[in-house]
Amino acid sequence: MPTISKSNHQDKAVDILIIGGGAAGLMAAGQAASPGLSVCVLEKMERPARKLRITGKGRCNFTNTAGLEDFTAAFDQGGKFLRPCFSRFFNQDLMRFFEAIGVPGRAERGGRVFPDSQKGVDVVDALLEWCRSRGVQFKTGCSVASLVIEDREIKGAVYRTAASEGVDRFQPARKVILTAGGASYPGTGSSGDGYRLAREAGHGINPLHPALVPLQTSGKTASRLQGLSLINCGLRIFIDGKCARTSFGEMLFTHYGVSGPIILSSSSLVVKALQAEKRVGLHIDLKPALDHKQLDQRLQRDLVERGKQVMSNLLRGLLPRKLVPVCLEQTEIPGDTTGNRLTAEERKRLRLWLKDFQMDVCGHRGFEEALVTGGGIRLKDVDPRTMSSKLVKDLYLAGEVLDIHGDTGGYNLQAAFSTGWSAGRHAAASLATCDPDK
Ligand SMILES: Cc1cc2nc3c(=O)[nH]c(=O)nc-3n(C[C@H](O)[C@H](O)[C@H](O)COP(=O)(O)OP(=O)(O)OC[C@H]3O[C@@H](n4cnc5c(N)ncnc54)[C@H](O)[C@@H]3O)c2cc1C
């Protein structure tokens, strides 16, 4: 484990230093700020919590009402690790907490909880106000370059500011909480520094990959459908010819491929399969409410009732406009055939296509467009009850920098807030000998 020397410019020592003022960092800071303890947040950007501001399309889906079992199942891995933390500070606790600091929330479809005001910025402002009211000091525009560790014990962090012109400053601290986030949406400040800092401290980092990320598809079909959103479709993901996942919901076509909730939720599986050089296919059911028999009856009825219409018009009753030419091309049904002249074989091809519209996945978008980062700090070296490092004394780790990522729906922010809560409470309790649960 490297020992990093202290630089010449030394700040006044603090009790607890938080690296990264995002969701986990702000929660950790406010929780750590018990009477008599000095807490400082070093934040790389000029304003803290830039990512939190844009979450949930600016509405901040900060948790989900799912019960503990379903909640932990929404994490790729790490659900088990989160249990002790969730057992102390979970979704209802978070909702009560936000209500107490002036941002009550309410659940929507799928148990997704948003602030009543529907504004993520209100969540950020309330958190900052709460932290400040508890005496937390913020140093923004300060990018932590290294951790200072001596004899496996943390001593503080070295950071840079734009104004320091290459001269590093040393912030001594008795406890350090690393909450520098993942590597996705790097423009928000979370550009993967936390992994480097943790690695330098001796922590293993499981390979990183973009997660909750849009997928690229082969050919020109997606670009022809660009902008089309399918609200209720079925999706099966095939990996090397075998169905690996089934889901139902909303997806969206883009100029490069596909996105939207059911695509993002399946993307981690797809990214891993692509990395292992496996073939990935999307099988889209455009009529999930009808089984094959019901769909055939519906087709027969339409073809009789609207038999004089040409197929390119008739299909408009069955499909969104943009899909009609794609359907005709892929089923090899001439668009100028009238409904009453469609052969039984053509009708069968149409039915099979409607239930199984296929696209090949050829890649995925990068960290710039991924909502979260898969991989990260190996969990076996972190105590799940306290978030403390098992390798470096007085170092705590919380939030997305850990190898934890969940589905869309408020799971990731709850994980960041809960782990931040735990790290802040336990760091403070170990200094002030107070009970972290009170
Ligand atoms: C567009 C988008 C929408 C999302 N929507 C949702 C949603 O609605 N619900 C949900 O649950 N999840 C959502 N997520 C995921 C969620 O935002 C993250 O999982 C969560 O913010 C992680 O919290 P964190 O505190 O660990 O990291 P972050 O919130 O990323 O905070 C890390 C902080 O550390 C700072 N930092 C980084 N390096 C350094 C350094 N070297 N020195 C000092 N500071 C540093 C960063 O500037 C940043 O402020 C969304 C993500 C994106 C990108």
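Small disclaimer: the values here were computed from a predicted structure and weren't measured. (Residues numbered from 1 in each chain as written. Predicted model: local features only at pLDDT ≥ 70, side-chain atom pairs only at ≥ 80, totals over all residues. Heavy atoms only, no water.)

1. Comments concerning the sheet that holds strand β14 (residues 242-253)
The strand order around the closed barrel built from six strands is β12-β15-β14-β13-β16-β17, with neighbouring strands paired in antiparallel fashion. Here the average twist between neighbouring strands, direction ignored, is 45 degrees. Sheet topology note: the β14/strand β15 (residues 257-259) ladder contains two bridges and is antiparallel. When the bridges of β15 are listed, Leu-252 appears paired with Ser-259. The strands touched by helix α9 (residues 261-275) are β12 (215-217), β13 (229-239), β14, β15, β16 (280-285) and β17 (357-364); relative to β14, the strand with the most contacts, the crossing angle is about 140 degrees. (Pairing = 2+ DSSP bridges. Helix = DSSP H or I, 4+ residues; strand = E, 2+ residues; numbered from the N terminus. Axes fitted to C-alpha atoms, helices over the stretch in contact; angles between N-to-C directions. Contact = heavy atoms within 4.5 Å.)

2. Observations regarding unusual backbone geometry
At Lys-57, a position not held by glycine, the phi torsion is positive, near 55 degrees. By relative accessible area, Lys-57 is classed as exposed at 85%. Unlike most non-glycine residues, Asp-240 shows phi in positive territory, near 45 degrees. Here Asp-240 is to be found in the loop between β13 and β14. (Buried < 20%, exposed > 50% of the residue type's maximum accessible area, 1.4 Å probe, protein only.)

3. Thoughts on the domain arrangement of the protein chain
Looking at the assigned domains, one finds that the protein chain contains domain 1 (9-210 + 373-432) and domain 2 (214-365). Centre-to-centre, using C-alpha coordinates, domain 1 lies 41 Å away from domain 2. Each side of the interface is counted separately: domain 1 has six residues, and domain 2 has eight residues. Overall, the association of domain 1 and domain 2 removes approximately 590 Å² of surface from exposure, summing both partners, and the carbon and sulfur fraction of that is 45%. Looking at the side of domain 1 facing domain 2, the largest losses of area belong to His-209, Pro-210 and Thr-408, adding up to 61% of the total buried there. The interface formed by domain 1 and domain 2 includes zero salt bridges. In this assembly, domain 1 and domain 2 are joined by two residue pairs in polar contact (both at pLDDT 80 or more). Residue classes in the side of domain 1 that touches domain 2 are distributed as one nonpolar, three polar and two charged. (Domains from an automatic or database assignment. Buried area = accessible area lost by both parts, 1.4 Å probe. Salt bridge = Lys/Arg side-chain N within 4 Å of Asp/Glu carboxyl O. Polar contact = N/O pair within 3.5 Å; in protein donor to acceptor, adjacent residues only side chain to side chain. Nonpolar A, V, L, I, M, F, W, Y, C, P; charged D, E, K, R; others polar.)

4. Focus on the packing of helix α10 (residues 292-305) against helix α13 (residues 344-355)
Where α10 contacts α13, the two axes come as close as 10 Å, and the packing angle between them is 125 degrees. On the basis of their axis angle, the class for α10 and α13 is oblique. The handedness of the crossing between α10 and α13 is right-handed. Of the residues in α13, those touching α10 at His-292, Leu-295, Asp-296, Leu-299, Gln-300 and Leu-303 are Arg-347, Leu-350, Arg-351, Leu-352, Leu-354 and Lys-355. Here the contact of α10 with α13 is composed, by residue class, of six nonpolar, two polar and four charged. (Parallel < 35°, antiparallel > 145°, perpendicular 65-115°, else oblique. Left-handed = near helix turned anticlockwise from the far one by under 90°.)

5. A look at the site of the ligand
Glu-43, Ser-190, Asp-193, Glu-400 and Leu-413 are the nearest of the 34 residues found near the ligand. Within the contact set of the ligand, an oxygen atom lies 2.8 Å away from a backbone nitrogen or oxygen of Ala-24. Coverage of the ligand by the protein chains reaches 96% of its 1000 Å² of free accessible surface. When residues of the shell around the ligand are traced back to their parent elements, those giving at least two are α1 (23-32), β3 (39-43), α2 (50-54), β8 (142-150) and α14 (411-432). Per element, the largest residue contribution to the shell around the ligand is four residues, and it comes from α14. Taken together, the residues of the shell around the ligand break down into 14 nonpolar, 15 polar and five charged. (Near = heavy atom within 4 Å. Areas by Shrake-Rupley, 256 points an atom, 1.4 Å probe, with all protein chains shown as cover.)

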